[in-house]
Every structure is written in structure tokens, then in C-alpha cells.
Amino acid sequence: MGAGSSERMGTPKMMLRHQGRTLIQHVIEAAVNSDVDGVAVVINPDVDGLLAEATMAGVNKIFLNYQSNQGLSASVKSGLYVLPAEAEAAIFLLGDQPLISSREINLLLEESHADHSHSVYQSSYFGKRGHPVLFHRKMFNRLLEIKGDKGGRDLVKKYTDEVKIVEMGRNYPFDIDTMADFKKLLRREVS
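## Structural notes on helix α1 (residues 23-32)
Next up, step 1: Buried residues dominate α1, accounting for eight of its 10 residues.
Next up, step 2: Turning to α1, its buried residues number three or more, namely Leu23, Ile24, Gln25, His26, Val27, Ile28, Ala30 and Ala31.

## Regarding the layout of surface pockets
Next up, step 1: The volume enclosed by the second largest pocket comes to roughly 910 Å³.
Next up, step 2: Elements supplying a minimum of two residues to the lining of the second largest pocket: α1, β3 (40-43), α3 (72-81), β5 (89-92), α4 (102-114) and β7 (128-136).
Next up, step 3: Per-class residue counts for the lining of the second largest pocket are 23 nonpolar, nine polar and five charged.

## Topic: unusual backbone geometry
Next up, step 1: Cis geometry marks the peptide bond from His131 to Pro132; its omega dihedral reads 0°.
Next up, step 2: As for its placement among the helices and strands, Pro132 is situated in strand β7.
Next up, step 3: The backbone of Gln19 shows a phi angle near 55°, a positive value even though the residue is not glycine.
Next up, step 4: Here Gln19 is to be found in the loop between β1 (17-18) and β2 (21-22).
Next up, step 5: Not every positive phi belongs to a glycine, and Phe126 is a case in point at roughly 50°.
Next up, step 6: The residue Phe126 is located in the loop between β6 (120-125) and β7 in this model.

## Details of the side chain of Ser123
Next up, step 1: Its location among the elements puts Ser123 in strand β6.
Next up, step 2: The class of Ser123 is buried, set by a relative accessible area of 0%.
Next up, step 3: One polar contact links the side chain of Ser123 to the main-chain carbonyl oxygen of Pro132, over a distance of 2.7 Å.
Next up, step 4: Dropping the residues within four chain positions of it, Ser123 is found in contact with Leu108, Lys128, Arg129, Gly130, His131, Pro132, Val166 and Met168.

## Brief notes about the sheet that holds β7
Next up, step 1: If you trace the four strands from one edge of the open sheet to the other, you get β5-β7-β6-β8, paired in mixed fashion. Bordering the open sheet on either side are β5 and β8 (163-167), each of which pairs with just one other strand. When strand polarity is set aside, the average angle formed by the axes of neighbouring strands in this sheet is 25°.
Next up, step 2: Examined bridge by bridge, β5 and β7 share four bridges and lie antiparallel to one another. Pairing of Ile91 across the sheet is with Leu134, part of β7.
Next up, step 3: Sheet strands touched by α4: β5, β6, β7 and β8. Its angle to β7, the strand with the most contacts, is close to 50°.

Thresholds applied
- Residues numbered from 1 in each chain as written.
- Predicted model: local features only at pLDDT ≥ 70, side-chain atom pairs only at ≥ 80, totals over all residues.
- Heavy atoms only, no water.
- Buried < 20%, exposed > 50% of the residue type's maximum accessible area, 1.4 Å probe, protein only.
- Helix = DSSP H or I, 4+ residues; strand = E, 2+ residues; numbered from the N terminus.
- 1 Å grid on protein atoms, 1.4 Å probe; cavity = no way out; pocket = protein on both sides within 12 Å on 5 of 7 lines; lining within 4 Å.
- Points joined across faces, edges and corners; volume = space filled by probe spheres on them.
- Nonpolar A, V, L, I, M, F, W, Y, C, P; charged D, E, K, R; others polar.
- Polar contact = N/O pair within 3.5 Å; in protein donor to acceptor, adjacent residues only side chain to side chain.
- Contact = heavy atoms within 4.5 Å.
- Pairing = 2+ DSSP bridges.
- Axes fitted to C-alpha atoms, helices over the stretch in contact; angles between N-to-C directions.

Spelled out as C-alpha cells, the structure:
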């Protein structure tokens with residue numbers, strides 16, 4: 001999902017470049033190179049050039065979220081609306097986490113295929129919970145009820161018995177929310 005307004009950043013963060021690609025391209029590539037059956041990207045149509053950056057081989061659908069000003073919930077709902085009717089689950093990735101890899105996505109998929117007893121599979125990085133998060137279809141209606149600038153976090157907290165934590169065995173792939181975060185990412189690039 002890359003439909004946010006980047007208010008804390010002050011500039012469209014999805015368009016910032018890291019290692020020759022935009023932040024959103026890193027995340028899309030991780031999804032495309034994973035074992036998922038399809039990739040849908042939700043973007044803010046008001047960001048110049050973002051549609052071109054999200055148009056990549058392997059992307060099945062791009063949804064222009066004209067309601068991105070309504071917060072994260074609008075992006076979550078948009079992502080669910082474009083899923084094929086037969087989709088068993090959805091994995092949510094954030095466009096401002098360029099250090100997520102296909103490995104993390106695949107670990108969630110493997111765990112959900114091996115253990116069907118949970119509705120949510122959430123990534124953990126040495127005990128710190130984060131993205132990606134996999135929601136099975138039975139949680140879709142609950143996700144569609146979310147309002148405002150919220151995603152699935154409240155559902156994860158509310159339905160703790162339905163959540164399986166999947167340890168990724170690596171450091172947390174931090175979010176790029178501020179220019180300081182982006183500079184930290186760039187320092188990693190040169191070190």
C-alpha cells in the first residue's frame with residue numbers, strides 16, 4: 001500500500017529513491033518475487049509519477065485510491081476490493097518499508113499453509129511485531145469495518161487468540177516516515 005499523503009515526510013515518500021529505485025518499487029519487487037498468487041498495489045493518484053513507478057511487470061492490479069485522505073482504512077478496503085473472489089488470504093505490505101523482502105512474505109505463506117488454525121499471521125522481528133501481515137478471508141469483513149487512519153492493528157489486538165506470530169529472524173525493517181528515517185536508510189546504503 002502506497003496511498004498515504006506523506007505528511008510527516010513533507011514530500012511524497014513513495015517517490016524517494018534508494019539503490020536506484022523508488023521506495024514503492026522495492027516493496028512491489030519483494031511481492032512480485034515472492035510466492036504470492038497475485039500482486040495488487042493501492043496508490044494515491046495525486047502523487048505525480050507514482051502510477052508509472054507502480055506499473056511493473058508482475059503487478060496484477062493497481063487501484064487509484066481517490067479517498068486516501070480518509071486514512072489507512074481506505075487503502076486497506078481498496079486492497080480488499082480488488083482481490084479476486086477466490087482469494088483465500090491477503091498479505092498487506094507497506095510502501096514505506098523498502099527493506100522487506102520476498103523471504104518475509106514467503107515465511108508468512110509457509111506458516112499459513114502449514115497451520116490453518118489461525119486467521120492472522122503477523123511478522124515478528126526478534127519480538128517486535130510488524131509487517132507484512134497475512135489475513136485470511138474470514139477476517140475480510142472485519143477489515144472492511146475499519147474506519148479512519150487505522151489498518152489491521154486493532155484487529156490484531158482484539159483477536160489475539162486468532163493471531164500467530166511468525167518470527168523472521170532478522171532486525172526490524174523500519175518504516176520511512178520522516179526525512180531522518182530516509183537519511184538513516186541512505187546511511188545503510190553506503191555502509
